[in-house]
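Examining the three-dimensional arrangement
Letter by letter, the chains look like this.
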Amino acid sequence: MLNMIRRLMRGAEPVERTPQTQAEADEQAQGLALYHYEGCPFCGKVRRAIARLNIEIVLHDINRDPGARQRLIAGGGRRTVPCLRIDDGDTTTWLYESSDIVAYLEKRFAAS
């Protein structure tokens, strides 16, 4: 899936990390999932940020997977995408708005 997203980047170079810091980023990303659909331009903005930040996030296409759509509505309260589900221990947060999602990802995964 990450390779598909990288094709969308149009020449932008992904963040490079040492193997150790990449493993840490991959571990942190395990609690994240993006609800999206292919033709949504705001979803594309978030997918490009994911690729540029070089992180693996589970993608759930709500148009191709009715179960994902139902989980989004049940958990987040609405069908709007993009939506980033953030699982942190016993707490789940549903973050809407592409700019807010990108800002969150930048803060959490940008190389220092």
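Here goes a summary of the coordinates provided.

Each value, and the rule that gives it
- Residues numbered from 1 in each chain as written.
- Predicted model: local features only at pLDDT ≥ 70, side-chain atom pairs only at ≥ 80, totals over all residues.
- Heavy atoms only, no water.
- Core = buried A, V, L, I, M, F, W, Y, C linked by side-chain atoms within 4.5 Å.
- Buried < 20%, exposed > 50% of the residue type's maximum accessible area, 1.4 Å probe, protein only.
- Helix = DSSP H or I, 4+ residues; strand = E, 2+ residues; numbered from the N terminus.
- Contact = heavy atoms within 4.5 Å.
- Disulfide = S-S within 2.5 Å.

1. Observations concerning the nonpolar core
By size, the foremost hydrophobic cluster in this structure holds 19 residues, and its most contacted members are Ile50, Ile55, Ile57, Leu84, Leu105 and Phe109. The element best represented in this core is helix α5 (residues 98-109), accounting for four residues. Once residues within four sequence positions are removed from consideration, phenylalanine 109 is found in contact with Arg17, Ala25, Gln28, Ala29, Leu32, Leu53 and Ile55. Ala33, Tyr35, Cys43 and Ala68 belong to the second-largest nonpolar core, a separate cluster that totals 11 residues.

2. Description of the state of the cysteines
Applying the stated criterion across every chain yields a total of zero disulfides. Note on cysteine 83: no disulfide assigned, nearest cysteine sulfur contributed by cysteine 43 at a separation of 9.9 Å. Accessibility expressed as a relative area gives 0% for cysteine 83, which makes it buried.

3. Describing unusual backbone geometry
As a rule of thumb, non-glycine residues mostly have phi less than zero, and peptide bonds are mostly trans rather than cis. Cis peptide bonds are those with omega within 30 degrees of zero, and the linkage from valine 81 to proline 82 qualifies with 0 degrees. Within the secondary structure layout, proline 82 lies in the loop between α4 (66-76) and β3 (83-88). A positive phi angle is found at asparagine 54, which is not glycine, with a value near 60 degrees. Its place among the elements puts asparagine 54 in the loop between α3 (41-52) and β2 (58-61). With a relative accessible area of 14%, asparagine 54 lands in the buried category. The backbone of glutamate 97 shows a phi angle near 80 degrees, a positive value even though the residue is not glycine. Position of glutamate 97 among the secondary structure elements: in the loop between β4 (91-96) and α5.

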